[in-house]
Amino acid sequence: MISKNTLLTDEQIRINFQRWLCQAECSDISDPDVVKELNAIKDDREKIRKAFCRNLTFGTGGLRGIIGAGTNCMNVHTVAGASQGVAEHIKRHVSGEGGRVAVSYDSRRKSQLFARIACSVFAANGLKVYLFPRMMPTPCLSFAVRSLQCAAGIMITASHNPCQYNGYKVYGSDGCQITPETAEEIYEEIAKIDVFADVRTEDFERSCRKGMIDYVSEQVHTEFIEAVKKESVLGSKEADRGIPIVYTPLNGTGCEPVLRVLKESGYYNITVVKEQQEEDENFSTCSYPNPEIREAMILGIEYAKRKNAALVLATDPDCDRAGAAVNDGQGDYVLLSGNETGILLLDYICRQRIANGTMPEHPIAVKTIVTTELGQRIAAYYGVETINVLTGFKFIGEQVSCLEAEGRVEDFIFGYEESCGYLSGTYVRDKDGV
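Residues numbered from 1 in each chain as written. Predicted model: local features only at pLDDT ≥ 70, side-chain atom pairs only at ≥ 80, totals over all residues. Heavy atoms only, no water.

Things to note about the overall build of the chain
Using the following cut-off: For the purposes of this entry, the term helix denotes a DSSP run of H or I that reaches at least four residues, the term strand denotes a run of E that reaches at least two, and both are numbered from the N terminus. The rule is simple: take the accessible area with a 1.4 Å probe, protein chains only, and divide by the maximum for that residue type; under 20% is buried, over 50% is exposed, in between is partly exposed. When checking whether two residues touch, look at their non-hydrogen atoms; a contact exists if any pair is within 4.5 Å. Every accessible area reported is derived by Shrake-Rupley at a probe size of 1.4 Å, with residue values counting cover from the shown protein chains alone.
When its secondary structure is counted, the chain shows 14 helices and 15 strands. Viewed in the frame of its principal axes, the chain has a C-alpha envelope of about 65 × 50 × 40 Å. Per-residue burial over the chain gives 56% buried out of 434 residues. In the chain, 72% of the contacts between residues at least 6 apart in sequence involve partners at least 24 apart. Total accessible area computed for the chain in this model is approximately 18,600 Å², and 48% of it derives from carbon and sulfur atoms.

Written as structure tokens, this is what we have:
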């Protein structure tokens, strides 16, 4: 077993490359782009070294890397190997009909292909698979894991990274990203696997006909939308639902669910940034689709200036992060940081819950240790306990699951982190941009 992040020797790199060159084309799992790239770099030692210098690291965020050929890249073989490792872990810990997996994907290059490869591997290992019929946000995947009583969930996404990247996020049965301990167990399984000899796979369409792969029903998506809408804390307070809003999904998964939530909640004066409305695997108008930075919001702000909008909203490609810019009243727009949005939301939720009589007796807010301490002071003002956790929203989701185990899940009112991640309900266990 090769340890994580271990750099391979020149001889190991040479052997690995030759094996991939010989077997990638005739493998049961194949991608012409991988074969083409292997042939293109066969005389370039530096490119071979870069592609094969290590095995792509598997951690609590699963896999993430540049799309390309080689053990150090995201491709059909590394995805298949990871899926076989996840399957082995599930079979080791879950028996019978509990061995179910939910799978979703975003708008990135190869995302749908990687999702289908993962499904084929899980099905060949005797696991029932539920695949979303179209790209769907990460929080919707988290919701589906719990709704469909799955042992695990897989989200094919590289979140807000540039278009050259893709990734493979793994969720546990609680709908939360896996813990470091689980990630280590899965990595140990993956490290044993020869991607050309040990991966079980079956034709995707055949697995569908056999009933091992089903598409997630529209009902699950609708239930997710309804759960989001229930998080409104307006109560009987009147709101201006004609407020002019500009929204951009940054060519990702957010467009359908975000617009549906806004419109079904009565907001009608919404303008979508057309250049960023449809999926675009190259993110042509936004090379770094991260709503934390102004560059990602430029088109939205231009639209807002023309419309004199009050608010610009943006979600990243897998729609777990949400960014906002507000009209400064002087012809420009101020981008709010994740910290600023987080404390504004926390303050508003607390005020409205108290006004509505829906504040629990022992309310709890959860934030990461790198998130502003001002939130803790605001929470204390309203009598809300703050729990600080390590960096990563999975640790906020973990606290929600702990409260649920204690019969106190209703005490959770808000979770937030400085990187534009927020959650005000318990219907998912990850940040929810929707």
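What about helix α1 (residues 10-23)?
Our working definition: Under the convention used throughout, the expected extent of a helix is 1.5 Å for every residue step, that is, one less than its residue count.
In this model, α1 (14 residues) spans 20 Å end to end at C-alpha, consistent with the 20 Å of a helix rising 1.5 Å per residue. Each element contacted by the buried residues of α1 is listed here: α2 (32-40), α3 (45-52) and α4 (76-93).

Observations concerning the packing of α1 against α2
Threshold: Axis geometry follows a simple rule: fit a line to the C-alpha atoms, using only the stretch in contact for helices, then measure angles between N-to-C directions, giving values from 0 to 180 degrees. An angle below 35 degrees is treated as roughly parallel, one above 145 as roughly antiparallel, one from 65 to 115 as roughly perpendicular, and anything else as oblique. Handedness of a crossing follows from how the near helix is turned relative to the far one, being left-handed for an anticlockwise turn of less than a right angle and right-handed for a clockwise one.
Where α1 meets α2, the closest approach of the two axes is 9 Å, and the angle between their N-to-C directions is 130°. Comparing the axis directions of α1 and α2 gives the class oblique. Crossing of α1 against α2: the hand is left-handed. Only V34, L38 and N39 of α2 make contact with α1, whose side of the interface consists of F17, W20 and L21.

Quick word on a nonpolar patch on the surface
Let me state the cut-off plainly: Any residue with relative accessible area above 30% and no salt bridge may belong to a patch, with like charges joined within 9 Å and the nonpolar Val, Leu, Ile, Met, Phe, Trp and Tyr side chains within 5 Å. Salt-bridge detection follows one rule: a side-chain nitrogen of Lys or Arg within 4 Å of a carboxyl oxygen of Asp or Glu.
Together, I369, V370 and L390 line one region of the surface with nonpolar side chains, adding up to about 280 Å² of accessible area. As for its position among the elements, L390 is in the loop between β13 (385-389) and α14 (393-405).

Thoughts on the nonpolar core
Definition in use: Throughout this description, the term nonpolar core refers to a set of buried Ala, Val, Leu, Ile, Met, Phe, Trp, Tyr and Cys residues connected via side-chain atoms within 4.5 Å.
In this structure, F224 and Y427 are the most contacted members of the largest nonpolar core, which totals 46 residues. Of all elements in the fold, only α6 (138-147), α9 (218-229), β7 (245-248), α10 (255-264), β8 (270-272), β12 (364-368), β13 and α14 reach the threshold of two or more residues within this core. Leave out the neighbours within four places in its chain, and F224 touches P139, C140, F143, Y427, V428, D432 and V434. Counting residues in each nonpolar core, the second largest holds 43 residues, with V121, F122, A183 and I213 among its members.

Some points on the sheet that holds strand β11 (residues 333-335)
Rules: When DSSP locates at least two bridges between a pair of strands, those strands are taken to pair.
The mixed open sheet is built from five strands, whose spatial order is β8-β7-β9-β10-β11. Two strands lie at the open edges of the sheet, namely β8 and β11, each paired on one side alone. The mean angle between the axes of side-by-side strands here comes to 25°, regardless of whether they run parallel or antiparallel. Relative to β8, β7 is paired through three bridges, and the arrangement is parallel.

Some details on the environment of T201
For T201, the position within the fold is in the loop between α7 (180-191) and α8 (204-209). On the basis of relative accessible area, T201 is assigned to the partly exposed category, the value being 26%. When residues no more than four places from it in sequence are discounted, the contact partners of T201 are D28, I29, S120, V121 and A124.

Quick look at the pairing of strand β5 (residues 165-171)
Each regular strand carries side chains that alternate between the two faces of the sheet. By the criterion of burial, β5 is predominantly enclosed, with six of the seven residues buried. As paired strands, strand β1 (residues 63-66) and β5 are joined by four bridges and run antiparallel to one another. The residue bridging L63 from the neighbouring strand is Y168, located in β5. Alignment of strand β4 (residues 152-156) against β5, held across four bridges, turns out to be antiparallel. In the sheet register, I154 faces β5, and the bridge partner there is V170.

Quick look at the packing of α1 against α3
A packed helix pair is summarised by two numbers, namely the angle formed by the two axes and the spacing between the axes. α3 packs onto α1 with a crossing angle of 90° between their chain directions and a minimal axis gap of 10 Å. The angle between the axes of α1 and α3 places the two elements in the roughly perpendicular class. Residues I13, N16, F17 and W20 of α1 touch α3, and the partners they reach there are I48, R49 and F52.

Describing the pattern of salt bridges
Inspection of every chain in the model, using the stated rule, returns 32 salt bridges. In this structure, R200 and E88 form a salt bridge, with 3.1 Å as the shortest nitrogen-oxygen distance. Pair noted here: R200 is in the loop between α7 and α8 and E88 is in helix α4, with a separation of 112 residues, a long-range link. What makes R200 partly exposed here is its relative accessible area of 40%. A salt bridge links E264 to R260; the nearest nitrogen and oxygen atoms lie 2.7 Å apart.

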